[in-house]
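Architecture at a glance
Given next are the chains, with one letter for each unit.
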Amino acid sequence: MTMRRWVRELLRDRHPDLADRPLRLGARGWSNQLWRLGDDPAVRLPWVGESVDALLLKEHAWLPGELADRAAGRQRRHLVDSPG
């Protein structure tokens, strides 16, 4: 299964309201991949195996506040999900 297909299946399973949006790879970094859903939303996935748990715990702690600060009046959804 390709990564694109896996992301699409993940969306269909966890967030069907987003599953039909256009999907394209936005970026790959050292720790994450960013998949764009049309022009605005994105799916951010961990990339590094050994440190994924620690990375996710850290980001779940500070990311909601960071998004609120950057949104500056724009409404944004921050969906956090876990495997399984």
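For the structure itself, consult the block above.
Overview of the structure. (Residues numbered from 1 in each chain as written. Predicted model: local features only at pLDDT ≥ 70, side-chain atom pairs only at ≥ 80, totals over all residues. Heavy atoms only, no water.)

Quick look at the overall build of the protein
Scanning the protein from N- to C-terminus turns up two helices and three strands. Starting at the N terminus and ending at the C terminus, the protein contains elements arranged as α-β-β-β-α. Within the span of the protein, comprising 84 residues, buried residues form 24% of the whole. A separation of at least 24 residues holds for 26% of the contacts in the protein among residues at least 6 apart in sequence. (Helix = DSSP H or I, 4+ residues; strand = E, 2+ residues; numbered from the N terminus. Buried < 20%, exposed > 50% of the residue type's maximum accessible area, 1.4 Å probe, protein only. Contact = heavy atoms within 4.5 Å.)

Comments concerning a nonpolar patch on the surface
Together, Met1, Met3 and Trp6 give the surface a local cluster of nonpolar side chains, amounting to about 340 Å² of exposed area. Here methionine 3 shows up in helix 1 (residues 3-14). (Patch = residues over 30% accessible without salt bridge, like charges linked within 9 Å, V, L, I, M, F, W, Y side chains within 5 Å. Areas by Shrake-Rupley, 256 points an atom, 1.4 Å probe, with all protein chains shown as cover. Salt bridge = Lys/Arg side-chain N within 4 Å of Asp/Glu carboxyl O.)

Some details on the sheet that holds strand 2 (residues 32-37)
Here three strands make up an open sheet; going across it, the order is 1-2-3 and the pairing antiparallel. Single-partner strands in this sheet number two, and they are strand 1 (23-28) and strand 3 (42-46). Each neighbouring strand pair of the sheet contributes to a mean axis angle of 25°, computed without reference to strand direction. By the bridge criterion, five bridges tie strand 2 to strand 3 in an arrangement that is antiparallel. Paired with tryptophan 35 across the strands is valine 43, a residue of strand 3. Relative to strand 3, helix 1 is tilted by about 110°, and along the sheet it contacts strand 1, strand 2 and strand 3. (Pairing = 2+ DSSP bridges. Axes fitted to C-alpha atoms, helices over the stretch in contact; angles between N-to-C directions.)

Quick word on the nonpolar core
Of all hydrophobic cores here, the largest spans nine residues; its members are Val7, Leu11, Leu18, Ala19, Leu23, Trp35, Leu37, Val43 and Leu45. Sequence-distant contacts of leucine 45, defined by excluding residues within four places in its chain, comprise Met3, Trp6, Val7, Leu10, Ser31, Asn32, Gln33 and Trp35. (Core = buried A, V, L, I, M, F, W, Y, C linked by side-chain atoms within 4.5 Å.)

Examining helix 1
In this model helix 1 runs 16 Å from its N-terminal to its C-terminal C-alpha over twelve residues, within 8% of the 16 Å that 1.5 Å per residue would give. Taken residue by residue, helix 1 has Val7, Arg8 and Leu11 as its buried positions. One side of helix 1 carries all its buried residues, which in axial view fall inside an arc of 100°. Residues of helix 1 that are exposed and point over 90 degrees away from its buried face: Arg5 and Asp13. Residues of helix 1 that are buried sit in contact with strand 1, strand 2 and strand 3. (Expected span 1.5 Å × (residues − 1). Arc of directions from axis to C-beta.)

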